[in-house]
Amino acid sequence: MRIRVLGSAAGGGFPQWNCNCRNCSGLRRGTLRAQSRTQSSIAVAGTDPAAWALVNASPDILAQLRANPQLQGARAARDTAIAGIVLVDAQIDHTAGLFMLRESPRPLAVWCTDAVAADLTCGNPVFGVLGHYCGIERRPLPLTGEEFAVAGVAGVRWRALTVASKPPPYSPHRGAPVPGDNVALVLTDAASGRSAVYAPGLGAIEPPLWAALESAACVLVDGTFWSDEEMIAQGLSPKRARDMGHLPQSGAGGMLEWLAQLPRATRRILIHVNNTNPILDEDSPERAELARAGVEVACDGLEIAL
Ligand code: MLT
Ligand code: MN
Ligand code: ZN
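One structure accompanies this document, and this report is about it. (Residues numbered from 1 in each chain as written. Chains lettered and ligands numbered in written order. Predicted model: local features only at pLDDT ≥ 70, side-chain atom pairs only at ≥ 80, totals over all residues. Heavy atoms only, no water.)

**Examining the overall build of the chain**
Phase 1 of the analysis: Counting secondary structure elements, the chain contains 9 helices and 13 strands.
Phase 2 of the analysis: Judged by the C-alpha coordinates and their principal axes, the chain covers about 50 × 40 × 40 Å.
Phase 3 of the analysis: Counting only contacts in the chain whose residues sit at least 6 apart along the sequence, the fraction spanning at least 24 positions is 67%.
Phase 4 of the analysis: A total of about 12,600 Å² of accessible surface is found on the chain, and carbon and sulfur atoms cover 54% of it.
Phase 5 of the analysis: Here the chain contributes 27 positively and 29 negatively charged side chains, and the mean placements of these two sets differ by 4 Å. (Helix = DSSP H or I, 4+ residues; strand = E, 2+ residues; numbered from the N terminus. Contact = heavy atoms within 4.5 Å. Areas by Shrake-Rupley, 256 points an atom, 1.4 Å probe, with all protein chains shown as cover. Lys, Arg positive; Asp, Glu negative; His and termini not counted. Charge placed at Lys NZ, Arg CZ, Asp CG, Glu CD.)

Okay, structure coming up:
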């Protein structure tokens, strides 16, 4: 199984178009040692190197496909190596890219939960709009912990775990989350049995998820914010990380405390990193703290083989 990080930033990307925070302006001016990043997505391949599952459809998908030519099968006049699409939630940064795939000659096969399908039908009617182009063939994403397969991507077993987070701001039930608004994905290589957990939006770590994290060879977890009040402290937004359904890295009960309890051999990677997060500055004390803790920061193009 191969996991390729297409986009490692949170919503807005890095730098964000209208942002002049220390990170975004430093990157633009060339005064900060940091890498630009596109919005949140990974691709997963099993035994067939030319068949990928796209996990989340980022607003930056066209740039991501250009940067990752293995996702263009090039076997026919119109082709793609994307066999199916899996969504972890209905947030804009994970779904706006679906519109960019409208030229598909076949309906897009999309695995998502009922809650996500409802938001993409009502609050933000992407599925209905795409019905006027390529169409969507929606496949259920079971919340009972049972395994599912993404048709066309052989050699990978998938499981979804409900996670505590938030539905998108446009969702009719933003203030009252339901199971299935957000999931973590457990990806297991069928041959080796080694697994990875992908959870870009994570408000809390509950026992079923913790069990999956403990038995994974690699975890790719919510790296959105370093601190709960990060955007407030920078004068950018009144929202706390936890209000947005993201567990901050630092502080009591934060992501770093959890990651420190994983087995020594586990590869720990933060993904879905917001542009305000000081870990993006490769010279920051926060980044040095991650290095001491053996925690990596995902970058676009990172590939993990399990
Ligand atoms: C999130 O992860 O909280 C959202 O993607 C935020 C957003 O839509 O900008
Ligand atoms: Mn997001
Ligand atoms: Zn910024």
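**Remarks on the coordination of the manganese ion (ligand 2)**
Phase 1 of the analysis: Donor atoms from the polypeptide that bind the manganese ion (ligand 2) are Asp-93 (OD) and His-272 (NE2), placed at 2.1 to 2.2 Å. Of this pair, Asp-93 sits in helix α3 (residues 92–95) while His-272 sits in the loop between β11 (267–271) and α9 (285–293); the two residues are 179 residues apart in sequence, bridging distant segments of the chain. For the pair Asp-93 and His-272, one class covers both residues: buried. (Donors = N, O, S within 2.8 Å, 3.2 Å for Na, K, Ca; no water. Buried < 20%, exposed > 50% of the residue type's maximum accessible area, 1.4 Å probe, protein only.)

**Some thoughts on the coordination of the zinc ion (ligand 3)**
Phase 1 of the analysis: The protein atoms donating to the zinc ion (ligand 3) are Cys-19 (SG), Cys-21 (SG), Cys-24 (SG) and Asn-275 (OD1), with metal-donor distances spanning 2.2 to 2.3 Å.
Phase 2 of the analysis: Taken together, the 4 donor atoms coordinating the zinc ion (ligand 3) and their angles of 102 to 119 degrees define a geometry best described as tetrahedral.
Phase 3 of the analysis: Ordering the donors of the zinc ion (ligand 3) by residue number gives the pattern C-x1-C-x2-C-x250-N. One exposure class covers both Cys-19 and Cys-24, and it is buried. (Tetrahedral: all angles 85-135°; square planar, octahedral: opposite > 155°, others 65-115°.)

**As for the nonpolar core**
Phase 1 of the analysis: Residues Val-197, Leu-209, Leu-213 and Leu-259 are the most contacted members of the largest nonpolar core, which totals 35 residues.
Phase 2 of the analysis: Mapped onto this core, the elements with two or more residues apiece are α1 (22–29), β8 (183–189), β9 (195–199), α6 (207–214), β10 (218–222), α8 (255–260) and β12 (295–297).
Phase 3 of the analysis: With 4 residues, the single largest contributor to this core is α6.
Phase 4 of the analysis: For Val-197, the contacting residues outside a window of four places in its chain are Ala-184, Leu-185, Val-186, Leu-209, Ala-212, Leu-213, Ala-216, Cys-218, Val-219 and Leu-220.
Phase 5 of the analysis: With 32 residues, the next largest nonpolar core counts Ile-42, Val-88, Ala-298 and Ile-304 among its residues. (Core = buried A, V, L, I, M, F, W, Y, C linked by side-chain atoms within 4.5 Å.)

**Here's the deal with unusual backbone geometry**
Phase 1 of the analysis: Of the consecutive residues Phe-14 and Pro-15, the connecting peptide bond is found in the cis state with omega at 0 degrees.
Phase 2 of the analysis: A positive phi angle, close to 75 degrees, is found at Asn-56, a residue other than glycine.

**Topic: the sheet that holds β8**
Phase 1 of the analysis: Read from one edge to the other, the open sheet built from 6 strands follows the order β7-β8-β9-β10-β11-β12, with strand pairing classed as mixed. The sheet is open, and its two borders are formed by β7 (156–162) and β12, each paired with just one other strand. If you compare each strand with its neighbour and ignore which way they point, the axes differ by 20 degrees on average.
Phase 2 of the analysis: Here β9 pairs with β10 via 4 bridges, running parallel. Within β10, the residue paired with Val-197 across the bridge is Val-219. (Pairing = 2+ DSSP bridges. Axes fitted to C-alpha atoms, helices over the stretch in contact; angles between N-to-C directions.)

**Overview of the packing of aromatic side chains**
Phase 1 of the analysis: Within this structure, the stated rule accounts for 2 aromatic pairs.
Phase 2 of the analysis: Arranged with centres 6.0 Å apart and planes meeting at 35 degrees, the rings of Phe-148 and Trp-158 form a pair that is tilted. Here Phe-148, found in the loop between β6 (136–140) and β7, pairs with Trp-158, found in strand β7; they are 10 residues apart in sequence, far enough to count as distant. Here the two residues Phe-148 and Trp-158 agree in accessibility, since each one is buried.
Phase 3 of the analysis: Over the aromatic face of Trp-111 sits the side chain of Arg-139, whose NZ or CZ is 5.5 Å from the ring centroid. (Phe/Tyr/Trp six-rings, centres within 6.5 Å; stacked < 30°, edge-to-face > 60°. Lys NZ or Arg CZ within 6 Å of the ring centre and 35° of its normal.)

**Topic: the environment of Ser-195**
Phase 1 of the analysis: If you trace the backbone, Ser-195 turns up in strand β9.
Phase 2 of the analysis: Residue classification places Ser-195 among the buried positions, given a relative accessible area of 8%.

**Here's the deal with the site of ligand 1**
Phase 1 of the analysis: As a matter of local geometry, ligand 1 sits amid Gln-91, Asp-93, Met-244, His-246 and His-272.
Phase 2 of the analysis: Between ligand 1 and His-246 there is a distance of 2.8 Å, counted from an oxygen atom to a side-chain nitrogen or oxygen.
Phase 3 of the analysis: At 3.2 Å from an oxygen atom of ligand 1 is found a side-chain nitrogen or oxygen belonging to His-272.
Phase 4 of the analysis: Protein burial of ligand 1: of its 270 Å² of free accessible surface, 74% is covered by the chains.
Phase 5 of the analysis: The residue inventory of the shell around ligand 1, partitioned by class, reads 1 nonpolar, 3 polar and 1 charged. (Near = heavy atom within 4 Å. Polar contact = N/O pair within 3.5 Å; in protein donor to acceptor, adjacent residues only side chain to side chain. Nonpolar A, V, L, I, M, F, W, Y, C, P; charged D, E, K, R; others polar.)

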